[in-house]
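Inside the fold
Here are the chains, one letter per residue:
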Amino acid sequence: MGSSGLLTSLIDGILIGVVYGLAAMGLTLIWGVMNVINLSHGTIIAFGMFGVYLIFTTLGLNPYLTLVLVAILGLLLGVAIYFIAIQRVIDAPHLSTLLATFAVNMILLGVGTAVFTTNFRNVDYALGNIQMGQITVLGTRLVAALAAVFVAGALYFFLYKTRPGKYIRAVANNRAAAELMGIPSTQILALSFGIGTMLAAIAGGLIATLFPFTILSGGVYELKSFVIGVLGGLGNPIGSLAGGLILGLLESIIPIVMPNTWVPILEFVLFIIILLIRPTGIFGAKE
Amino acid sequence: MAILEVREVDSGYGEVQILWGASMALQQGDLTSLVGGNGVGKTTLLRTVMGLNHPWKGSIWFEGKDVSRLSAHKKADLGLVLVPEGRQLFTDMTVYENLEMGASNKRARGKFQQNLERVFEMFPRLKERSDQQSGTLSGGEQQMLAVARGIMADPKVLMIDELSLGLAPVLVLQLFESLKLLKNLGLTILLVEQNVQMALAVSNYGYVLAEGRTELEGPARELIQNEHVRAAYLGL
């Protein structure tokens with residue numbers, strides 16, 4: 001492979017990695033705010049894919065416009081999941097919340113499989129190629145990566161510059177103190193879960209413009225999200241972007257030197273190593 | 001009429017009962033001290049007043065209304081504010097953000113600038129450290145911030161759990177000075193304090209809690225003279 005080929009796959013890795021990072025962001029946000037591992041994360045990513053697919057194929061809307069609708073639906077779905085399944089067990093041991101989100105996952109996945117079957121779908125939409133010297137970049141990949149960076153930036157702005165965002169950080173930091181200051185912590189937790197779900201749905205929607213998918217495709221991204229979460233520090237949404245970048249680069253470099261099948265093996269070896277030597281993640285916060 | 005009244009409250013944690021018919025009444029504009037040994041239920045009483053623990057029996061009245069069943073954030077909205085034991089700051093957030101979070105309720109939001117100027121005047125150190133992460137402040141500064149955050153909530157009744165615990169004497173004096181200042185501004189204050197002598201010295205009224213109920217109450221200057229109080233809590 002020539003140097004331009006290497007450069008092309010590196011750039012591809014970066015672009016995909018940023019989208020992976022966005023996919024992980026919802027998972028790490030929910031963990032960071034309420035210490036809940038959301039096992040329905042992957043299926044919600046798949047719902048995001050189908051959301052974009054269905055609106056695109058039935059209404060013919062531009063897939064990037066449909067993302068706005070998918071985001072709103074994702075937010076509402078997340079808030080509903082919180083009040084139905086999470087709120088009652090939020091103070092229980094981790095196993096209870098794990099089982100609750102697992103049950104939600106089985107329900108969503110069951111409904112999804114019944115309605116959509118497990119056949120492959122494809123959002124038939126292209127933006128052509130962008131040629132820079134000898135390097136070729138797919139337009140949809142570039143736009144997906146830019147959208148992911150934009151959403152990450154918007155999340156950062158929301159968490160650090162707006163009142164509800166600061167409430168989320170306050171509740172994450174010390175829920176009892178937040179209550180004492182007059183912050184309605186239950187509503188804030190529901191909002192956080194909604195935003196986490198929304199981010200997963202948006203990520204799914206962007207991925208749907210890149211690859212064919214089935215209702216089961218979310219699982220892969222959920223696993224990647226765990227690796228990214230550990231790389232970037234669980235509970236650190238901005239670290240997710242960096243973690244996603246690393247994962248994307250690994251996926252573009254590893255196949256150059258060894259068969260593609262080694263990618264997940266090396267990813268999870270990395271996952272275990274980081275858990276062993278730095279459990280809070282490479283970019284993780286102290287504690 | 002008392003602004004805050006606790007009537008015969010039972011409360012505790014899980015199966016463990018801590019309060020056994022505790023009663024208390026705070027008069028508008030008073031600085032009231034709540035004293036007593038370790039583990040007699042002072043913190044539990046404050047938590048129950050705030051709604052962090054629920055009263056099993058009895059009731060809590062604020063400005064003539066039964067607020068026994070309200071959650072903590074609703075009570076904060078009404079003007080009942082607790083500076084909790086151990087400060088409980090938002091340690092990952094800056095000093096300024098902590099103050100902003102203090103002013104979360106609707107009433108306080110409208111008076112944000114006014115209250116901010118007041119706390120910066122009271123604790124100039126906090127103004128200097130405005131952009132610093134609160135978790136990196138010294139113990140004394142953290143306690144100042146905890147009190148300041150409480151003031152930002154624009155309380156009608158400010159309850160402070162262990163103002164001076166673990167602080168250097170000079171800081172303790174400074175915090176008690178600011179307490180007097182708040183009292184002179186007309187704020188109703190309930191102080192839980194292990195430094196009984198100092199607490200009673202600045203208070204109008206006092207309650208002695210023992211075994212989960214009110215053992216003794218009276219004007220602070222009378223309690224200081226009380227033989228039992230002197231022997232049990234003042235080491236005299």
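Above this text you will find the structure in question.
Our subject in this report is the structure included herewith.

Considering the overall build of chain B
In terms of regular secondary structure, chain B is built from 11 helices and 10 strands. Overall size of chain B, expressed as C-alpha extent along the three principal axes, is 45 × 40 × 35 Å. Going through the 236 residues of chain B one by one, you find that 54% of them count as buried. Across chain B, contacts joining residues at least 24 apart in sequence account for 66% of those joining residues at least 6 apart. Total accessible area on chain B is roughly 10,100 Å²; 49% of this is exposed by carbon and sulfur atoms. Charged side chains in chain B number 24 positive and 27 negative. The centres of these two groups are separated by 4 Å.

Focus on the sheet that holds strand S7 (residues 157-161) of chain B
Residues and elements named next belong to chain B. With mixed pairing, the six strands of this open sheet are ordered in space as S6-S7-S8-S3-S9-S10. A single partner strand is all that each edge strand has here, and the edge strands are strand S6 (80-83) and strand S10 (213-219). For this sheet, the mean angle separating the axes of adjacent strands, direction not counted, is 20°. Across four bridges, strand S3 (residues 31-35) lies against strand S8 (residues 188-192) in parallel orientation. Bridge pairing links Leu-34 to Val-192 in S8. Sitting on the sheet, helix H8 (residues 169-184) touches S3, S7 and S8, and the angle it makes with S8 is about 150°.

Some points on the sheet that holds strand S4 (residues 57-62) of chain B
Sheets are built from strands paired through backbone hydrogen bonds, the pairs being either parallel or antiparallel. Residues and elements named next belong to chain B. An order of S2-S1-S4-S5 is seen for the four strands of this open sheet, with the pairing classed as antiparallel. Each edge of the sheet is formed by a strand with only one pairing partner; in this case those strands are strand S2 (16-26) and strand S5 (65-66). Judged from the two bridges that link them, S4 and S5 form a sheet pairing that is antiparallel. Each bridged residue has a counterpart across the sheet, and for Trp-61 the counterpart in S5 is Asp-66. Contacts from helix H1 (residues 42-50) reach strand S1 (4-13), S2 and S4 within the one sheet, and its direction differs from that of S1 by about 110°.

Basis of the calculations
- Residues numbered from 1 in each chain as written.
- Chains lettered and ligands numbered in written order.
- Predicted model: local features only at pLDDT ≥ 70, side-chain atom pairs only at ≥ 80, totals over all residues.
- Heavy atoms only, no water.
- Helix = DSSP H or I, 4+ residues; strand = E, 2+ residues; numbered from the N terminus.
- Buried < 20%, exposed > 50% of the residue type's maximum accessible area, 1.4 Å probe, protein only.
- Contact = heavy atoms within 4.5 Å.
- Areas by Shrake-Rupley, 256 points an atom, 1.4 Å probe, with all protein chains shown as cover.
- Lys, Arg positive; Asp, Glu negative; His and termini not counted.
- Charge placed at Lys NZ, Arg CZ, Asp CG, Glu CD.
- Pairing = 2+ DSSP bridges.
- Axes fitted to C-alpha atoms, helices over the stretch in contact; angles between N-to-C directions.

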